[in-house]
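Chain and residue survey
As a plain string of letters, each chain reads:
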Amino acid sequence: MKIPVIIDGQLVKVEKGTSVIKAAGIAGITIPTLCYHDALKPYGACRICMVEVIYQKQRRVVTACNFPTEAGMEVHTDTAKVREIRRMVIRLLLARCPDVPILKKLAQSMGIEDIKLKQKDEKECILCGLCVRFCDEVVGANAIGLSNRGIEREVTTPFKVLSGTCIGCGSCTYICPTGCIEMVVDGEKTGMRMEMGNISIDPCQDNYECETCDVDKEFMTTVKRVFAEFRNKYSSH
Ligand code: SF4
Ligand code: SF4
Ligand code: FES
């Protein structure tokens, strides 16, 4: 059932339950995001997609990526309050990751000028969880996760040991918006190894000769196909 929603003064009709971000997209309005990808379930972690909604006479600030639309809802994506919240979010992220290009770009677009210079030992992970969710939801390997809290929060392998389930597909590398996961060639025998801060994943001891090992060929084919489709669809990412 389609319902009417007003986004920045524009009337659009969307399926009931469509997220605010998707409804805005239908209206041709782009909301900034860092942890959202429409190939994955919304996560609501970065808070950069904040918008104001008015529904049943109540005005609220919500995350557009995971907030469902309702009939008659009004959405405002660019109010003074929304801009202020987004600026605060970007400042906090920049304090953690001062040299990440996507954050600098967003900061500039929001008129934030006091961006810190690159610091020694800076982190680049903005904790958006895209890599973790892609590995779980699309690849099905569940090789990495977010652990710890506060400033100790990080993406890592279970128990911080070499991952036994990583298949080395490179999806996490591709989807990471800050480029902090790299695939590297590690000698002739091991094939690929992935490094991200203090984690190390050593996925294949057989140089990806899948037909000779336990990794199911069909599964590998599916992963490659999904990844190719994903790359084609989001090649502008
Ligand atoms: S390379 Fe490994 S950790 Fe990264 S998405 Fe693929 S299976 Fe997951
Ligand atoms: S490693 Fe990249 S994709 Fe994963 S949580 Fe950090 S910034 Fe996001
Ligand atoms: S994009 Fe909505 S919280 Fe990150």
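Anything mentioned here points back to the structure above.
Residues numbered from 1 in each chain as written. Chains lettered and ligands numbered in written order. Predicted model: local features only at pLDDT ≥ 70, side-chain atom pairs only at ≥ 80, totals over all residues. Heavy atoms only, no water.

Here we look at the site of ligand 1
- The immediate surroundings of ligand 1 are formed by Cys135, Ala141, Ala143, Ile144, Cys166, Ile167, Gly168, Cys169, Gly170, Ser171, Cys172 and Met194.
- Looking at the shell around ligand 1, its residues break down into nine nonpolar, three polar and no charged. (Near = heavy atom within 4 Å. Nonpolar A, V, L, I, M, F, W, Y, C, P; charged D, E, K, R; others polar.)

Topic: the sheet that holds strand 1 (residues 2-7)
- The sheet built from five strands is open, its strands ordered 2-1-5-3-4 with mixed pairing. At either margin of the open sheet sits one strand with a lone partner, and together these are strand 2 (10-15) and strand 4 (58-63). On average, each strand axis in the sheet is inclined to that of its neighbour by 30°, with strand direction left out of account.
- Sheet topology note: the strand 3 (residues 50-55)/strand 4 ladder contains six bridges and is antiparallel. The partner of valine 53 across the bridge, within strand 4, is arginine 60.
- Of the strands in this sheet, strand 3, strand 4 and strand 5 (74-76) touch helix 2 (residues 80-96), which is tilted by about 145° from strand 3. (Pairing = 2+ DSSP bridges. Helix = DSSP H or I, 4+ residues; strand = E, 2+ residues; numbered from the N terminus. Axes fitted to C-alpha atoms, helices over the stretch in contact; angles between N-to-C directions. Contact = heavy atoms within 4.5 Å.)

A word on helix 4 (residues 130-139)
- Extensive coverage of helix 4 is indicated by the burial of seven of its ten residues.
- Of the residues making up helix 4, those classed as buried are Leu130, Cys131, Val132, Arg133, Phe134, Cys135 and Val139.
- One or two positions beyond helix 4, positive phi appears at glycine 140, with a value near 80°. (Buried < 20%, exposed > 50% of the residue type's maximum accessible area, 1.4 Å probe, protein only.)

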